[in-house]
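# Summary of structural features
Letter by letter, the chains look like this.
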Amino acid sequence: MSENKKNETVVIETNALDFYYNPQTQALKNVNIIIPEKMVTAFIGPSGCGKSTLLRCFNRMNDLIQGSFIKGNIRIHGKDIYKRDVQLEDLRKSVGMVFQKSNPFPMSIWENVAFGPQVNGITNKAELNNIVESALVQGDLWREVKDRLHNSALDLSGGQQQRLCIARTLANKPDIILMDEPASALDPISTGKIEETIEELKKEYTIVIVTHNMQQAARISDYTAFMMLGELIERDETKKVFTNPTEKLTEDYITGRFG
């Protein structure tokens, strides 16, 4: 597995990471990976290879699965996120997540975006308005919804709903954004908008994306990690992974011999 060739700041680092759904079911095996700051890292691989499981380890979403446990460790900004003194609320504020299926709350567009800041204690209406506008601008949705902020979020199209969920994540001011197949349910035009949004966001945020769409990984990511049966097979600069992979398994997957 290739390490960073440039002088990049490492934001996420795993060391000998194993993840078990239960003592009999191991989903990740000895995963060692570094994820650099303000870049897009894409995880690719066949269904069931552990991509989403690994992604959910980074904000401890897997803690919600009864009986699950990890071995090894994950460091974010140098801090072991599985230590007892880690506050999950703070971790998940810092490490935001956008899911495969858009999940807007059944409330207005404005209320969706303001929800997190309000939970975190911000009550000043002017401040909330600024946060909502800023997040919607970054999510590339402001121009389309600025005149109907108090309409139901459920009235938006599928692509708009997904960009709203991105804006809702941004409102919490994370520095890492996890995206689990954020465009898999969208049409090509909506997918293009999501990809353009990701390109803009990486100027300010570290983005980790799981995608089943290899063309998407090739278009938008700086680094690509290929996984197979819970193991990290290869991780390198995206161009190299797609044009000159080190591992034969990677080459076989990318050229369509399996998967």
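Residues numbered from 1 in each chain as written. Predicted model: local features only at pLDDT ≥ 70, side-chain atom pairs only at ≥ 80, totals over all residues. Heavy atoms only, no water.

### Things to note about the side chain of Arg 60
Here Arg 60 shows up in the loop between helix H1 (51-57) and strand S4 (69-76). Ignoring any residue separated from it by four or fewer positions in sequence, one finds Arg 60 in contact with Ile 81, Tyr 82, Lys 83, Val 86, Leu 88, Leu 91 and Arg 92. (Helix = DSSP H or I, 4+ residues; strand = E, 2+ residues; numbered from the N terminus. Contact = heavy atoms within 4.5 Å.)

### Examining the packing of helix H4 (residues 125-138) against helix H6 (residues 158-170)
It is at 8 Å that the axes of H4 and H6 come closest, and there the two elements cross at 130°. Overall, the two elements H4 and H6 adopt an arrangement that is oblique. The interaxial crossing formed by H4 with H6 has right-handed handedness. For the pair formed by H4 and H6, the contact residues are Ala 135, Leu 136 and Gln 138 on the first element and Leu 164, Ala 167 and Leu 170 on the second. (Axes fitted to C-alpha atoms, helices over the stretch in contact; angles between N-to-C directions. Parallel < 35°, antiparallel > 145°, perpendicular 65-115°, else oblique. Left-handed = near helix turned anticlockwise from the far one by under 90°.)

### Focus: the sheet that holds strand S6 (residues 95-98)
If you trace the six strands from one edge of the open sheet to the other, you get S6-S7-S8-S3-S9-S10, paired in mixed fashion. The sheet is open, and its two edges are formed by S6 and strand S10 (231-237), each paired on a single side. Averaged over all adjacent pairs, the angle separating strand axes in this sheet is 20°, with direction ignored. Bridge count for strand S3 (residues 40-44) against strand S9 (residues 223-228) is four bridges, and the pairing is parallel. (Pairing = 2+ DSSP bridges.)

### Some words on the pairing of strand S7 (residues 176-180)
Within S7, five of the five residues are buried, which leaves the element mostly enclosed by the surrounding structure. Residues of S7 alternate between two faces, with Ile 176, Leu 178 and Asp 180 on one and Ile 177 and Met 179 on the opposite face, all of them buried. Bridge analysis of S6 against S7 gives four bridges, and the strand direction is parallel. Looking across to S7, one finds that Met 97 is bridged to Leu 178. Remark: the S7/helix H7 (residues 188-201)/strand S8 (residues 206-210) crossover connection has right-handed handedness. (Buried < 20%, exposed > 50% of the residue type's maximum accessible area, 1.4 Å probe, protein only. Right-handed = clockwise from strand over helix to strand, strands pointing away.)

### Details of H4
End to end, H4 covers 20 Å across 14 residues, agreeing with the expected 20 Å (1.5 Å per residue, within 8%). Tucked into the core, H4 has its buried residues touching helix H3 (109-119), helix H5 (142-145) and H6. Between a side-chain oxygen at the N-terminus of H4 and the backbone nitrogen of Ala 126 the separation is 3.1 Å; the capping residue is Asn 124. At the exit of H4 stands Asp 140, carrying a positive phi of roughly 60°. (Expected span 1.5 Å × (residues − 1). Polar contact = N/O pair within 3.5 Å; in protein donor to acceptor, adjacent residues only side chain to side chain.)

### Focus on the side chain of Glu 234
Relative to the helices and strands, Glu 234 is located in strand S10. One buried charged residue, Glu 234, forms no salt bridge at all, with the nearest opposite charge on Lys 240 at 4.4 Å. Separated by 2.9 Å, the side chain of Glu 234 and the backbone nitrogen of Glu 247 make a polar contact. Of the polar contacts made by the side chain of Glu 234, one reaches the side chain of Thr 250; its length is 2.8 Å. Those residues within four positions of Glu 234 in sequence are excluded, and the remaining contacts are Thr 224, Ala 225, Phe 226, Lys 240, Pro 245, Thr 246, Glu 247 and Thr 250. (Lys, Arg positive; Asp, Glu negative; His and termini not counted. Salt bridge = Lys/Arg side-chain N within 4 Å of Asp/Glu carboxyl O.)

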